[in-house]
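Here is how the chains run, residue by residue.
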Amino acid sequence: MSVTIEVLDPTDHGAFMEFHDVYLRSNDQEYDQPWSADELQVLLIGDEYVRNDALLLREGEVAVAVALAELPERDNVDSAFGEVWVPPELRRRGYASALIERLELRVREDGRSKVLTETLRGIDEPTGSGREFMLAHGYRPDTTIVQRELSLPAEVPPAEPRDGYELVAWRGLPPANWLDQYARLRALLNQEAPSGETQLENEYWDADRLVHEVDQWKRMGRTAQIVVAVAPDGTLAGHTQLLFSATSTEVYQWDTLVLPEHRGHGLGLALKRHAMHAAADLLEGRSRIVTWNDAQNDHMIAVNEDLGYRATAWADQWVKDLD
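To keep things clear, this report deals only with the structure shown in the data block. The model shown is predicted, which means the values in this text are computed figures rather than measured ones. (Residues numbered from 1 in each chain as written. Predicted model: local features only at pLDDT ≥ 70, side-chain atom pairs only at ≥ 80, totals over all residues. Heavy atoms only, no water.)

**Side note on the overall build of the protein**
Looking only at helices and strands, one finds ten helices and twelve strands in the protein. Here the C-alpha atoms of the protein give a radius of gyration of 20 Å, agreeing with the 20 Å that 2.2 N^0.38 yields for 323 residues. Referenced to the eigenvectors of the C-alpha coordinate spread, the extents of the protein come out at roughly 70 × 40 × 35 Å. Within the protein, residue pairs in contact and separated by at least 24 positions form 73% of the contacts whose partners lie at least 6 positions apart. For the protein, the exposed surface amounts to about 14900 Å²; the carbon and sulfur share of it is 49%. The positive charge centre, built from 31 side chains, and the negative charge centre, built from 57, are 2 Å apart in the protein. (Helix = DSSP H or I, 4+ residues; strand = E, 2+ residues; numbered from the N terminus. Rg over C-alpha atoms; globule rule 2.2 N^0.38 Å. Contact = heavy atoms within 4.5 Å. Areas by Shrake-Rupley, 256 points an atom, 1.4 Å probe, with all protein chains shown as cover. Lys, Arg positive; Asp, Glu negative; His and termini not counted. Charge placed at Lys NZ, Arg CZ, Asp CG, Glu CD.)

This is the structure in structure tokens:
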């Protein structure tokens, strides 16, 4: 049978459900639960900040593999973030190779000069099929992320901010007087967090994007628990996020950032502790919290280990120059 590759229209319900079915069957590892159909469709539709280019590979009439390129529109416009999914029973038939070659061609035509991606392997696995695949296709290692999880329920001591700092929690949008400051915190992660050799620009964030993000979470069926540290002078010193899905027992510990001038006051640990207490009602019935840190980020790794997180997987980060 002939093999064809088509560009997915995520608003085409039938084609999207084929895409999501392949995506679900491809996520056969227990490290990280796949996104629901609502979450993935909202992601694929994209917005003015990130455009998404999704591909669906068919053998005959049957969808057998899928791929996605995320294309930032307001920052890092020379980069694409790609991923390919093939169900376990259909691997080693050349589908992934065909998709990644087509994905690279499309993003090069879009003016992107590099593709970034990642592959997962168990914490005790020195290598894996994904790692070997990337090397065979000309990708070079950039850095390694450690994935950790905290089994729930978990006993976490109350947060104890010190040195005049206070912690404030909310769900959804920040108070209006902090919109601009909070957008600045969100924008600084690439600059402030340890990362690999590929230096990404800070992401573009402003008050409008924060409003858009909250609307996007609602459409995905997600709830965000946000906690910020407020400095003695009333400015924001740091933040953390817990993301909850309506369809999963898994919780995401997303960004945690303390500005350099406010470090050394125990804020990272205090923020994460307070977020768990503020989200106690949302944590009921959940199985685990999953988080990620660059393997070089000794400080945040120590914070997570203090909370009881254990390492479960490596996420190897890869990059390929298309020039």
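**A word on the sheet that holds strand E8 (residues 222–230)**
Reading across from one edge, E1-E2-E3-E4-E5-E12-E6-E11-E10-E9-E8-E7 is the order of the twelve strands in this open sheet, with mixed pairing throughout. The two strands at the open ends of the sheet, each matched to only one other strand, are strand E1 (3–7) and strand E7 (166–171). The average angle at which neighbouring strand axes cross in this sheet is 25°, direction not considered. Relative to strand E11 (residues 288–294), strand E10 (residues 250–258) runs parallel, the two sharing three bridges. If you follow glutamate 250 over to E11, its bridge partner there is arginine 288. Each of E1, strand E2 (50–59), strand E3 (62–72), strand E4 (79–85), strand E5 (114–122) and strand E12 (310–321) is contacted by helix H3 (residues 95–109), which is oriented at about 30° to E3, the strand it contacts most. (Pairing = 2+ DSSP bridges. Axes fitted to C-alpha atoms, helices over the stretch in contact; angles between N-to-C directions.)

**Points about the nonpolar core**
With 27 residues, the main nonpolar core has Leu242, Phe244, Met276, Leu283 and Ile289 as its most contacted residues. Mapped by element, the contributors of at least two residues to this core are E8, strand E9 (236–245), E10, helix H8 (267–278), helix H9 (280–283) and helix H10 (298–307). Here the element with the most residues in this core is H8; it accounts for six residues. Not counting the four nearest positions on each side in its chain, methionine 276 is found in contact with Leu150, Leu152, Ala154, Val156, Leu242, Leu283 and Ile289. Ala187, Trp205, Leu210 and Leu257 belong to the second largest nonpolar core, which has 22 residues in total. (Core = buried A, V, L, I, M, F, W, Y, C linked by side-chain atoms within 4.5 Å. Buried < 20%, exposed > 50% of the residue type's maximum accessible area, 1.4 Å probe, protein only.)

**Brief notes about the environment of alanine 159**
Considering the arrangement of structural elements, one finds alanine 159 in the loop between strand E6 (140–151) and E7. Taking C-alpha positions, alanine 159 is 8.9 Å from alanine 275, a pair spaced 116 residues apart along the chain. Among all residues touching alanine 159, those that are not within four sequence positions of it are Leu167, Ala270, Arg273 and His274.

**Focus: unusual backbone geometry**
In the segment running from leucine 152 into proline 153, the intervening peptide bond is cis, with an omega of 0°. The phi angle at asparagine 76 is positive, at roughly 45°, despite the residue not being glycine. Checked against the element boundaries, asparagine 76 lands in the loop between E3 and E4. Note on asparagine 76: relative accessible area 4%, which makes it buried. One non-glycine residue, arginine 92, lies in the positive phi region at around 65°. Looking at the secondary structure, you find arginine 92 in the loop between E4 and H3.

**Quick word on the environment of glutamate 83**
Along the chain, glutamate 83 turns up in strand E4. Its relative accessible area of 33% is what places glutamate 83 among the partly exposed residues. For the pair glutamate 83 and aspartate 38, spaced 45 residues apart in the sequence, the C-alpha separation amounts to 19 Å.

**With respect to the pattern of salt bridges**
Going through the model one piece at a time under the given rule, you end up with 27 salt bridges. Two residues, arginine 74 and glutamate 48, come together in a salt bridge whose shortest N-O distance is 3.3 Å. With arginine 74 in the loop between E3 and E4 and glutamate 48 in the loop between helix H2 (37–45) and E2, this residue pair connects regions lying 26 residues apart in the sequence. In this structure, the salt-bridge partner of arginine 273 is aspartate 306, at a minimum N-O distance of 3.6 Å. Here arginine 273, found in helix H8, pairs with aspartate 306, found in helix H10; they are 33 residues apart in sequence, far enough to count as distant. (Salt bridge = Lys/Arg side-chain N within 4 Å of Asp/Glu carboxyl O.)

**Some thoughts on H8**
Residues spaced three or four apart along an α-helix point in a common direction, a consequence of the helix completing one turn every 3.6 residues. Taking 1.5 Å per residue, twelve residues should reach 16 Å; H8 reaches 16 Å between its end C-alpha atoms and fits that length. Across the twelve residues that make up H8, a large majority, nine, are buried. Among all positions in H8, only Leu267, Gly268, Leu269, Ala270, Leu271, Lys272, Arg273, Ala275 and Met276 are buried. (Expected span 1.5 Å × (residues − 1).)

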